[in-house]
Amino acid sequence: METTLEATSVRDRAQLPHAEAMPPGTVRRRVLLAPITVTPSKPLTPSHLKGLLWTDVMYRATAQLAEVTYRYSPTTYHLTEQTLGFWEYLDRTVGDTDYSGLTEEAIGELYVGYRSEGQRAGLAALRPYEEAVELHGWVHPASARVLELWAAHYARLGMHDPGLLAHQPPGLGLEEVIDRLGAVGMCLDQRAYGGPVFLDATRYGLPLRQIVDAQGRPNYLACALRELVPLAPRFDEMVLLYDRELEPDYLLLERTLSEFGATVRRVTLGRVPIDGVIRSARHGDWHDHTTGAVLSRAAAEYDDPVLRLGLRLYFIAVLGQGQQQSFRHEALRQSLARAARLLSRASATDPAPLEEVLSRHRGDHLYVNPYRLTSSLLARHRPAPSPDLLSAVYL
């Protein structure tokens, strides 16, 4: 298993009690799960689905042992140029359109067109969209339609919906988070000279990172800071799940959040190659690999419980944390068949309590490791999983 499961310091690790050592009646620890948020402009691909299923199993398993908050706010990241620019592009090129009947693939093709255009809208063109999001929680109809379709996928897969359709603004405004960064000596603000704003962790050997450009536009990292900095002192552990390509930014985010009192765990997930190649969704070429297509194909042969367990077995235990294996429909079908067999045998209750079973799959952290837990279901000569475990975590 390839892992990147980090804590902020040895001192932090020493202060975290193991769940099994906590006496009865102890107040449950507080855990924040904060996975990377997918931009609602395209269909969910196997790479997206992998991250979502890992997070869902982590959330549902850890929630049996701790107080868990699953923070996933599309609202926070609507303010990036990537999203606002797409909305401006749609209104400029497509005009007043009814998106309510479009598929996520059709909207995704429009997004591919936007990215291929290579033209960035000016600040004046984006400002009305920014104000509509910040002041009124507005969402462009195209993205609202994508989020609606994703919510249906979540329901079909039995995943916890953390508020896809809800208005969830970040706890800090942009100026507020810049002020807080400055107060701890982690901000280089050059706006007075017509320049950008940088996150400055150079004293820790990390490079300067621009978070606001010279035109005042925040990037993804600035939005993440607005959301996570005010949450840092409220939890015993913050778990960040993200793509391997974003490792430099998340090293910076970990370092920054630790300055505000957080104990941070980073879980790095590799993307899922298609035919040996890792493709960005911005280039399209999804064919029959979107989540909707995968679900339709699997549902033709299996019912929802098998589909839910089988996809988790495949995307978590079979593909693992890395990105060595390409997505294969036949391998997924084998996992679905294995899920059907496990469900048919899951009649006897595990002799150990559910909390004890889940606690086996924690290390020196508070969250339950999805790979260790899910892989244990596939171990040879192991009793069938209990109905309690399946219903609480997988179905």
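Asks: So what exactly am I meant to see when it comes to the overall build of the protein here?
Replies: On a plain count of helices and strands, the protein comes out with 16 helices and eight strands. Here the C-alpha atoms of the protein give a radius of gyration of 22 Å, agreeing with the 21 Å that 2.2 N^0.38 yields for 395 residues. With the C-alpha coordinates of the protein rotated into their principal frame, the extents come out at 65 × 50 × 35 Å. With 395 residues in all, the protein has 55% of them scored as buried. Within the protein, counting contacts between residues at least 6 apart in sequence, those at least 24 apart form 77% of the total. Surface exposure of the protein reaches about 16600 Å², of which carbon and sulfur atoms provide 50%.

Asks: Help me out: how do you make sense of the pairing of strand E8 (residues 264–269) in this one?
Replies: Every regular strand shows the same layout, with side chains that alternate between the two sheet faces. The element E8 is largely enclosed, with a buried count of six among its six residues. Here E8 shows a buried face lined by Val-264, Arg-266 and Thr-268 and a second buried face lined by Arg-265, Val-267 and Leu-269. By the bridge criterion, six bridges tie strand E7 (residues 237–243) to E8 in an arrangement that is parallel. Bridge pairing in E8 places Asp-243 opposite Leu-269. With respect to chirality, the unit in which E7 leads through helix H10 (residues 247–259) into the neighbouring parallel E8 is right-handed.

Asks: Hey, could you run me through the pattern of salt bridges in this one?
Replies: Opposite charge on two side chains permits pairing when their charged atoms draw close. Within the structure shown, the criterion is met by 27 salt bridges. With its nearest N and O atoms 2.7 Å apart, the salt bridge here joins Arg-209 to Asp-249. Separated by 40 residues along the polypeptide, Arg-209 in strand E6 (residues 209–212) and Asp-249 in helix H10 bring together distant segments of the chain. The exposure class of Arg-209 is partly exposed, given its relative accessible area of 26%.

Asks: Explanation requested: the packing of aromatic side chains in the structure shown.
Replies: This structure, assessed with the given rule, holds 13 aromatic pairs. A ring pair is formed by Tyr-129 and Trp-138, whose centres lie 6.0 Å apart and whose planes are at 50°; its orientation type is tilted. You can call Trp-138 partly exposed: its relative accessible area is 31%. Between Tyr-314 and Phe-315, the ring centres sit 5.2 Å apart and the planes meet at 80°, which makes this aromatic pair edge-to-face. For the pair shown, Tyr-314 and Phe-315 are each scored as buried. Aromatic ring contacts, followed pair by pair, group Phe-86, Tyr-89, Tyr-111 and Tyr-114 into a single cluster. Above the plane of the ring of Tyr-111 lies Lys-42, whose end atom (NZ or CZ) is 5.1 Å from the centre. When the ring centre of Tyr-204 is taken as origin, the NZ or CZ atom of Arg-255, which lies over that ring, is 4.2 Å away.

Asks: Whenever I open this one, the environment of Leu-49 confuses me. Can you help?
Replies: Within the secondary structure layout, Leu-49 lies in helix H2 (residues 46–62). With 56 residues separating them in the primary sequence, Leu-49 and Glu-105 have C-alpha atoms 15 Å apart. Apart from residues no more than four positions distant in its own chain, Leu-49 is found in contact with Leu-157, Thr-291, Leu-311 and Phe-315.

Asks: I keep staring at helix H8 (residues 174–183) and nothing clicks. Help me out?
Replies: Owing to its 3.6 residues per turn, the α-helix aligns residues three or four sequence positions apart on the same side. Of the residues making up H8, those classed as buried are Leu-174, Val-177, Ile-178 and Leu-181. Buried residues in H8, looked at end-on, bunch into an arc of 105°, giving them a common side. In H8, the exposed positions angled more than 90 degrees off the buried face are occupied by Asp-179 and Ala-183. Residues of H8 that are buried in the fold lie against strand E4 (187–189), strand E5 (197–199), E6, helix H9 (220–228) and H10.

Asks: Can you help me understand the packing of helix H12 (residues 304–318) against helix H13 (residues 329–345) in this one?
Replies: How two helices sit against one another is set out by the angle between their axes and by the gap between those axes. For the pair H12 and H13, interaxial distance at closest approach is 8 Å and the crossing angle is 125°. Taken together, the axes of H12 and H13 lie oblique to each other. As H12 packs across H13, the resulting crossing turns out to be right-handed. Touching Pro-305, Val-306, Leu-307, Leu-309, Gly-310, Leu-311, Leu-313, Tyr-314 and Val-318 of H12 are Ala-331, Leu-332, Ser-335, Leu-336, Arg-338, Ala-339, Ala-340, Leu-342 and Leu-343, all from H13. Tallied by class, the residues present in the contact of H12 with H13 amount to 15 nonpolar, two polar and one charged.

Asks: Hey, could you run me through the packing of H2 against helix H16 (residues 387–394) in this one?
Replies: Where H2 contacts H16, the two axes come as close as 8 Å, and the packing angle between them is 125°. With respect to H16, the axis of H2 lies oblique. Across the interface between the two elements, Asp-56, Val-57, Arg-60 and Ala-61 from H2 touch Ser-391, Ala-392, Val-393 and Tyr-394 from H16. Taken together, the residues of the contact of H2 with H16 break down into five nonpolar, one polar and two charged.

Asks: I tried to follow the sheet that holds E5 on my own but got confused; where do I start?
Replies: Two pairing modes exist for strands in a sheet, parallel and antiparallel, and in both the strands are linked by backbone hydrogen bonds. The strand order across the open sheet built from three strands is E4-E5-E6, with neighbouring strands paired in antiparallel fashion. Unpaired on one side and paired on the other, E4 and E6 mark the two borders of the sheet. The mean angle between the axes of side-by-side strands here comes to 30°, regardless of whether they run parallel or antiparallel. Relative to E6, E5 runs antiparallel, the two sharing three bridges.

How each quantity is defined
Residues numbered from 1 in each chain as written. Predicted model: local features only at pLDDT ≥ 70, side-chain atom pairs only at ≥ 80, totals over all residues. Heavy atoms only, no water. Helix = DSSP H or I, 4+ residues; strand = E, 2+ residues; numbered from the N terminus. Rg over C-alpha atoms; globule rule 2.2 N^0.38 Å. Buried < 20%, exposed > 50% of the residue type's maximum accessible area, 1.4 Å probe, protein only. Contact = heavy atoms within 4.5 Å. Areas by Shrake-Rupley, 256 points an atom, 1.4 Å probe, with all protein chains shown as cover. Pairing = 2+ DSSP bridges. Right-handed = clockwise from strand over helix to strand, strands pointing away. Salt bridge = Lys/Arg side-chain N within 4 Å of Asp/Glu carboxyl O. Phe/Tyr/Trp six-rings, centres within 6.5 Å; stacked < 30°, edge-to-face > 60°. Lys NZ or Arg CZ within 6 Å of the ring centre and 35° of its normal. Arc of directions from axis to C-beta. Axes fitted to C-alpha atoms, helices over the stretch in contact; angles between N-to-C directions. Parallel < 35°, antiparallel > 145°, perpendicular 65-115°, else oblique. Left-handed = near helix turned anticlockwise from the far one by under 90°. Nonpolar A, V, L, I, M, F, W, Y, C, P; charged D, E, K, R; others polar.

Without other data, these values stay purely geometric and don't point to any function.
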